[in-house]
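Take a look at the letters that make up each chain.
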Amino acid sequence: MNVPHAFSTIQQDGIGSTEPSNSDQGANLGQHGAAFRRIPYPTRAPLSDTLALVLAGGRGSRLGALTERCAKPALPIAGKCRIIDFALSNCLNSGVPRVGVLTQYMEHSLIPHLRAWASAAPSRDFSIRILPARNAGGYLGTADAVYQNRDLIRALSPSYVLVLAADHVYKMDYAAMLADHLRRGADITIGCVEVTLEEARNFGVMAIDPDRRVRHFVEKPQAPEPMPGGGNAALASMGIYIFNTGVLLEALESDAASTCSSHDFGKDIIPAAIASGRVYAHSFRDPRHPDHRSYWRDVGTVDAYWRTSMDLAGAAPALSLQDKSWPIRTVGLPSPAVSGDVAINASIRYAPSPLPGAATDLTPPVSVHSDDCGMCRASLTLD
């Protein structure tokens, strides 16, 4: 069976007739770690043998009315984008050839966008597959979501699996993270970012040694452990993981057999792996400006959604959507309308980069009257 060709067309019904292999194709991948450490690696590693799995099935209940009829990854942001566009664009820009999107809650609001992405992708080397829950009870947690698609992982037999969240706004070069993973001979690499101790209560928090090996990991601690010399800062997980495939499959099987597990990567898989494997932290850097502090936001609450939208607006946004060297692409969302006499002091004026061939409405800058009839200082307009 030519598996890459089978993956090149978007599918919605799981893995169809694909049969799992009789053996764990990636079971011995971890043994290559020593060889990786003996030779120098560039700052970027090719991702041709990597499968990305984007977790897009969460309910997003903290967003209240915004997600009553819409999946969180499908929410509009930054004018014409959807939140999931950032993860998908990062995969495309980094060179990840195969992407599976694990859907569940309000998936009807997300699937048309994913189909449009797949049909407009600029290369046959980039493909998307929609992976709804296969069990009647749905996905029981982030780890269970990947576990339910283990047959697909075995069939495609990638050397590495990149696990991503669909509700984060950022630009990241996953090839740099893979290079770090190979250089250290890691079994698992976790993308990490510095946050305040107050913010750290919402994330997985890790303690690392001088070689950046993770020695301790706690999911959403009430009293986060500060970084050594970090004062009010903690090292938080971005929910981005690179696994050697064999390590991932073994961990998922063990977790599925546990009756006391919540089947979550942060709560169960990562803490267990630290005790038995080589788990390292990868510091997040902007792909175009590695020396600068990078922008990353988990858009999980109404406040975070509003603040992120404001960060992306204005003449000098915290994260540029006009960077042609690392474009954030999207398809098909109409431009918001502005009418009446209003003055806007911060706005996203242009559409982000369209996918080639996509039927995207590229409108000119919005015309705004700047008199005293009205003043809009900060707002979001959603269709």
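Because the structure is a prediction, the values reported are computed rather than measured.

1. Thoughts on the overall build of the protein
The secondary structure content of the protein amounts to 11 helices and 15 strands. A burial count over the protein gives 51% of its 383 residues as buried. If you take every contact in the protein between residues at least 6 apart in sequence, the share linking residues at least 24 apart comes to 80%. With an accessible surface of roughly 17,700 Å², the protein has 49% of that area assigned to carbon and sulfur atoms.

2. So, the confidence of the model for the protein
Low-pLDDT portions of the prediction should not be read for the details of their coordinates. Of all residues in the protein, 72% attain a pLDDT of 70 or more, and the chain-wide mean is 78. Model confidence for the protein, summarised as mean pLDDT per element, is weakest for helix H2 (residues 33-38) at 33 and strongest for strand E6 (residues 160-165) at 98. Note on residues 1-41: pLDDT under 50 across the span, and 70 contacts to partners over four residues away in sequence or across chains. Residue range residues 357-383 is modelled with pLDDT below 50. Its contacts to residues more than four positions away, or to other chains, number 51 contacts.

3. A short note on the pattern of salt bridges
Under the criterion given, the structure shown has 11 salt bridges. Salt-bridge contacts for aspartate 173 lead to arginine 44; the nearest nitrogen and oxygen are separated by 2.4 Å. Taken as a pair, aspartate 173 in the loop between strand E7 (168-170) and helix H7 (174-184) and arginine 44 in the loop between H2 and strand E1 (50-56) lie far apart in primary sequence, 129 residues in all. Across the pair aspartate 303 and arginine 307 runs a salt bridge whose closest N-O atoms are separated by 3.0 Å. Here arginine 307 and aspartate 303 lie together in helix H11 (residues 302-311), a separation of 4 residues that amounts to about one turn.

4. With respect to unusual backbone geometry
Backbone geometry places methionine 106, a non-glycine residue, at a positive phi of 45 degrees. Relative to the helices and strands, methionine 106 is located in the loop between strand E4 (98-103) and helix H4 (111-120). One non-glycine residue, lysine 220, lies in positive phi territory at about 50 degrees.

5. A look at the packing of helix H9 (residues 245-257) against helix H10 (residues 265-276)
Contact pair H9 / H10: the axes reach a minimum separation of 10 Å and the direction vectors enclose 120 degrees. Here H10 runs oblique to H9, going by the angle between their axes. In this structure, H9 crosses over H10, and the sense of that crossing is right-handed. Contacts between H9 and H10 pair Leu248, Ala251, Leu252 and Asp255 from the former with Phe265, Asp268 and Ile269 from the latter. The class makeup of the residues in the contact of H9 with H10 is 5 nonpolar, no polar and 2 charged.

6. What to know about the nonpolar core
With 66 residues, the main nonpolar core has Ile77 and Val99 as its most contacted residues. Filtering out sequence-adjacent residues up to four positions away, isoleucine 77 remains in contact with Arg82, Ile83, Phe86, Val169, Val299, Tyr305, Thr308, Ser309 and Leu312. Counting residues in hydrophobic clusters, the runner-up holds 34 residues, among them Met206, Leu235, Phe243 and Ala273.

7. A short note on the environment of asparagine 202
Its place among the elements puts asparagine 202 in the loop between helix H8 (197-200) and strand E9 (204-208). Between the C-alpha atom of asparagine 202 and that of glycine 300, which follows or precedes it by 98 residues, the distance is 9.8 Å. The residues contacting asparagine 202, other than those within four sequence positions of it, are Arg62 and Lys220.

8. With respect to the packing of helix H3 (residues 84-94) against H4
Viewed as axis vectors pointing N to C, H3 and H4 meet at an angle of 25 degrees, and their least axial separation amounts to 12 Å. Between H3 and H4, the interaxial angle falls into the category roughly parallel. Handedness of the H3/H4 crossing: right-handed. Residues Ile84, Asp85, Leu88, Ser89 and Leu92 of H3 form the contact with H4, whose own contacting residues are His113, Leu114 and Trp117. Residue composition of the contact of H3 with H4, by class: 5 nonpolar, 2 polar and 1 charged.

9. Examining the pairing of E1
The buried count for E1 comes to 7 of 7 residues, which makes it a mostly enclosed element. The side-chain alternation of E1 yields two buried faces, one formed by Thr50, Ala52, Val54 and Ala56 and the other by Leu51, Leu53 and Leu55. Relative to E6, E1 runs parallel, the two sharing 6 bridges. Residue pairing in the sheet places threonine 50 in a bridge with tyrosine 160 of E6. The pairing of E1 with E4 spans 6 bridges and is classified as parallel. For valine 54, the partnering residue across the bridge sits in E4 and is valine 101.

10. Regarding the environment of phenylalanine 217
Its place among the elements puts phenylalanine 217 in strand E10 (residues 214-219). When sequence neighbours within four positions are dropped, the list of residues in contact with phenylalanine 217 reads Ile190, Gly204, Val205, Met206, Ser237, Gly266, Ile270, Pro271 and Ile274.

11. Examining the packing of aromatic side chains
Aromatic rings considered in pairs are described by the distance between their centres and by the relative angle of their planes. For the structure shown, the criterion picks out 6 aromatic pairs. The interplanar angle of 80 degrees and the centroid separation of 6.1 Å between the aromatic rings of tyrosine 170 and phenylalanine 284 together place this pair among those described as edge-to-face. Separated by 114 residues along the polypeptide, tyrosine 170 in strand E7 and phenylalanine 284 in the loop between strand E12 (279-283) and strand E13 (296-298) bring together distant segments of the chain. As far as burial versus exposure is concerned, tyrosine 170 and phenylalanine 284 are alike and both buried. Look at phenylalanine 243 and phenylalanine 265: their rings are 5.7 Å apart centre to centre, the planes differ by 50 degrees, and that puts the pair in the tilted class. Taken together, the residues phenylalanine 243 in strand E11 (residues 233-244) and phenylalanine 265 in helix H10 connect sequence positions 22 residues apart.

The rules we used
Residues numbered from 1 in each chain as written. Predicted model: local features only at pLDDT ≥ 70, side-chain atom pairs only at ≥ 80, totals over all residues. Heavy atoms only, no water. Helix = DSSP H or I, 4+ residues; strand = E, 2+ residues; numbered from the N terminus. Buried < 20%, exposed > 50% of the residue type's maximum accessible area, 1.4 Å probe, protein only. Contact = heavy atoms within 4.5 Å. Areas by Shrake-Rupley, 256 points an atom, 1.4 Å probe, with all protein chains shown as cover. pLDDT = per-residue confidence, 0-100. Salt bridge = Lys/Arg side-chain N within 4 Å of Asp/Glu carboxyl O. Axes fitted to C-alpha atoms, helices over the stretch in contact; angles between N-to-C directions. Parallel < 35°, antiparallel > 145°, perpendicular 65-115°, else oblique. Left-handed = near helix turned anticlockwise from the far one by under 90°. Nonpolar A, V, L, I, M, F, W, Y, C, P; charged D, E, K, R; others polar. Core = buried A, V, L, I, M, F, W, Y, C linked by side-chain atoms within 4.5 Å. Pairing = 2+ DSSP bridges. Phe/Tyr/Trp six-rings, centres within 6.5 Å; stacked < 30°, edge-to-face > 60°.

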